[in-house]
Amino acid sequence: GALCFVNLIVYLRTGGLALPTCFFMLVFLMATITQVCTLFVFVHWIVAALWRKGVNPDNAAIPYVTSLGDFLGTICLATAFSVLTDFGGMPWAGAPLAG
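Fair warning: this is a prediction, and the values are worked out from it, not measured in the lab.

Cut-offs used in this document
Residues numbered from 1 in each chain as written. Predicted model: local features only at pLDDT ≥ 70, side-chain atom pairs only at ≥ 80, totals over all residues. Heavy atoms only, no water. Core = buried A, V, L, I, M, F, W, Y, C linked by side-chain atoms within 4.5 Å. Buried < 20%, exposed > 50% of the residue type's maximum accessible area, 1.4 Å probe, protein only. Helix = DSSP H or I, 4+ residues; strand = E, 2+ residues; numbered from the N terminus. Expected span 1.5 Å × (residues − 1). Contact = heavy atoms within 4.5 Å. Polar contact = N/O pair within 3.5 Å; in protein donor to acceptor, adjacent residues only side chain to side chain.

1. Re the nonpolar core
So, point 1. Formed by V6, F24, M25, F28 and L84, the largest nonpolar core amounts to five residues.
So, point 2. Ranked by residues supplied to this core, first place goes to helix 2 (residues 22–52) with three residues.

Dropping the structure here:
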């Protein structure tokens, strides 16, 4: 799903004239996988903890998981673009450099 959105954004920004760079895709995928794996570990932990306390995790865990997902997504995406900038990469060929 994330790869579809990346390609769609690049397509819309360039009018279909460019594709995401390999380095950008690698960094973006690393950020995405980091977020998802961290969320899996957290979900496993919080669901078990809620069951031990006799709380239905279907109702109680969702706010925590979505909040952490938003927070981790922001951190991972900011880190990905920081790495991309530090190594002189661009999201697509001919992309304007920030700053």
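2. So, helix 3 (residues 57–86)
So, point 1. With 30 residues, helix 3 should cover 44 Å at 1.5 Å per step; its first-to-last C-alpha distance of 41 Å lies within 8% of that length.
So, point 2. The inward-facing, buried residues of helix 3 contact helix 2.
So, point 3. Between the side-chain oxygen at the start of helix 3 and the backbone nitrogen of D58 there is a gap of 3.0 Å, and the oxygen is on N56.
So, point 4. At the C-terminal side of helix 3, G88 shows a positive phi close to 75°.

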